[in-house]
Amino acid sequence: MPDEEEPARGAHFVQSLERGLTVVRAFSAERPSMTLSEVARETDLTRAAARRFLLTLADLGYVRTDGRLFSLTPRVLDLGYAYVASAGLPDVAQPHLEDLSARVHESASVSVLEGDDVLYVARVATSRIMAVAITVGTRFPASATSMGRVLLAGRDERDLEAYLDRVELRPLTRFTVTDPDELRAELRRVREQGYSIVDQELEEGLRSLAAPVRDAEGRVIAAANVSAHANRSSIEDVRRDLLPALLETASRIESDLASVSRRGSGR
């Protein structure tokens with residue numbers, strides 16, 4: 001009889017997919033980088049098979065190599081975003097956004113990075129502040145949003161350079177940053193200070209502030225933000241009045257996500 005904890009494998013079972021996922025799971029905090037021989041040993045694959053899977057994952061952007069050592073790239077987080085966006089994160093974030101919005105009297109949101117866009121997965125709106133209605137599922141270019149910049153700043157330099165090489169920085173307003181070097185410098189500033197303020201780059205009259213939401217390993221998996229009308233909140237107002245409450249909210253979301261994760265793993 002099959003193991004009760006492992007579903008029976010039917011005719012549909014694709015063993016090559018299983019082996020590819022086994023290669024991904026072989027990497028860990030204890031083994032962030034491995035040689036081909038080490039991957040083969042950890043996965044019980046032949047060197048030839050391990051090499052094929054590693055090079056395929058490298059072609060897809062999930063693995064990098066210096067010719068000897070292999071390691072995962074932050075792109076593997078994309079594999080988990082669909083689950084995070086559809087399950088734990090919105091449920092965990094929503095009550096915290098409601099509390100934040102009630103405290104600061106501004107709209108609040110949480111998003112994840114999907115491709116080169118931010119994808120809204122939770123939101124509380126106090127009033128309509130953009131020409132386009134924002135709802136769960138709304139997408140915007142990451143480069144011109146505070147949440148997008150927080151999420152991009154959480155990527156490593158290699159992924160960031162790949163993003164800047166491929167993205168088209170379109171002028172959405174007269175304030176939008178369209179120079180890659182200027183955006184690169186801003187993303188480094190965001191990484192250092194731990195938050196992002198975007199002033200009327202997505203839509204004129206809109207100022208937004210975002211902070212990262214991290215997992216237990218410190219990786220940026222989402223971003224939380226508040227938005228305000230530019231005619232009633234200066235940049236100084238946003239930083240003084242909204243930033244402390246937003247950082248506290250992001251911390252509470254992180255704490256609850258960690259609790260959910262521990263319960264799910266049985267720890």
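About the thresholds
Residues numbered from 1 in each chain as written. Predicted model: local features only at pLDDT ≥ 70, side-chain atom pairs only at ≥ 80, totals over all residues. Heavy atoms only, no water. Axes fitted to C-alpha atoms, helices over the stretch in contact; angles between N-to-C directions. Helix = DSSP H or I, 4+ residues; strand = E, 2+ residues; numbered from the N terminus. Parallel < 35°, antiparallel > 145°, perpendicular 65-115°, else oblique. Left-handed = near helix turned anticlockwise from the far one by under 90°. Contact = heavy atoms within 4.5 Å. Nonpolar A, V, L, I, M, F, W, Y, C, P; charged D, E, K, R; others polar. Buried < 20%, exposed > 50% of the residue type's maximum accessible area, 1.4 Å probe, protein only. Pairing = 2+ DSSP bridges. Core = buried A, V, L, I, M, F, W, Y, C linked by side-chain atoms within 4.5 Å.

- Naming follows an unreviewed UniProt entry, where the protein chain appears as IclR family transcriptional regulator C-terminal domain-containing protein of Nocardiopsis tropica.

### Topic: the packing of helix H1 (residues 15–26) against helix H2 (residues 36–43)
- One can describe the packing of H1 onto H2 by two numbers: an axis separation of 9 Å at closest approach and a directional angle of 115 degrees. It follows from the interaxial angle that H1 and H2 lie roughly perpendicular. Along this stretch, H1 crosses H2, giving a crossing that reads as right-handed. Contacts between H1 and H2 pair Thr22, Val23 and Ala26 from the former with Val39, Glu42 and Thr43 from the latter.
- Classifying every residue of the contact of H1 with H2 by side-chain character gives three nonpolar, two polar and one charged.

### With respect to the environment of Met34
- Assignment of secondary structure puts Met34 in strand S1 (residues 33–35).
- Sequence spacing of Met34 and Leu72 is 38 residues, and the spatial spacing of their C-alpha atoms is 9.9 Å.
- Once you skip the residues sitting within four places of it in the chain, Met34 turns out to touch Ala26, Phe27, Val39, Glu42, Arg68, Leu69 and Phe70.

### Describing the packing of helix H6 (residues 146–153) against helix H8 (residues 180–193)
- Remark: H6 packs on H8, axes separated minimally by 9 Å, with the N-to-C direction vectors making an angle of 80 degrees. Here H8 runs roughly perpendicular to H6, going by the angle between their axes. Of the residues in H8, those in contact with Arg149, Val150, Leu152 and Ala153 of H6 are Leu183, Glu186, Leu187, Val190 and Arg191.
- A per-class count over the contact of H6 with H8 returns six nonpolar, no polar and three charged.

### Here's the deal with the pairing of strand S8 (residues 206–214)
- Among the nine residues in S8, eight count as buried, and that is most of the element.
- As judged from the four bridges shared by strand S7 (residues 196–199) and S8, these two strands associate in the antiparallel manner. Residue pairing across strands places Ile197 opposite Leu209, the latter belonging to S8.
- Bridge count between S8 and strand S9 (residues 220–229): nine bridges; the pairing is antiparallel.

### So, the nonpolar core
- Judged by nonpolar contacts, the single largest core of 31 residues is most densely connected at Leu89, Val110, Leu209 and Ile253.
- Mapped onto this core, the elements with two or more residues apiece are helix H5 (88–104), strand S4 (107–114), strand S5 (117–124), S8, S9 and helix H9 (235–265).
- If you tally residues by element for this core, the top one is H9, at nine residues.
- With sequence-adjacent residues up to four places away left out, Val110 is seen in contact with Leu89, Ala93, Leu97, Leu119, Tyr120, Val121, Ala122, Met147, Ala222, Ala223, Ala224 and Ile253.
- Grouped together as the second largest cluster of nonpolar side chains are 24 residues, Leu113, Val118, Ile134 and Val167 included.

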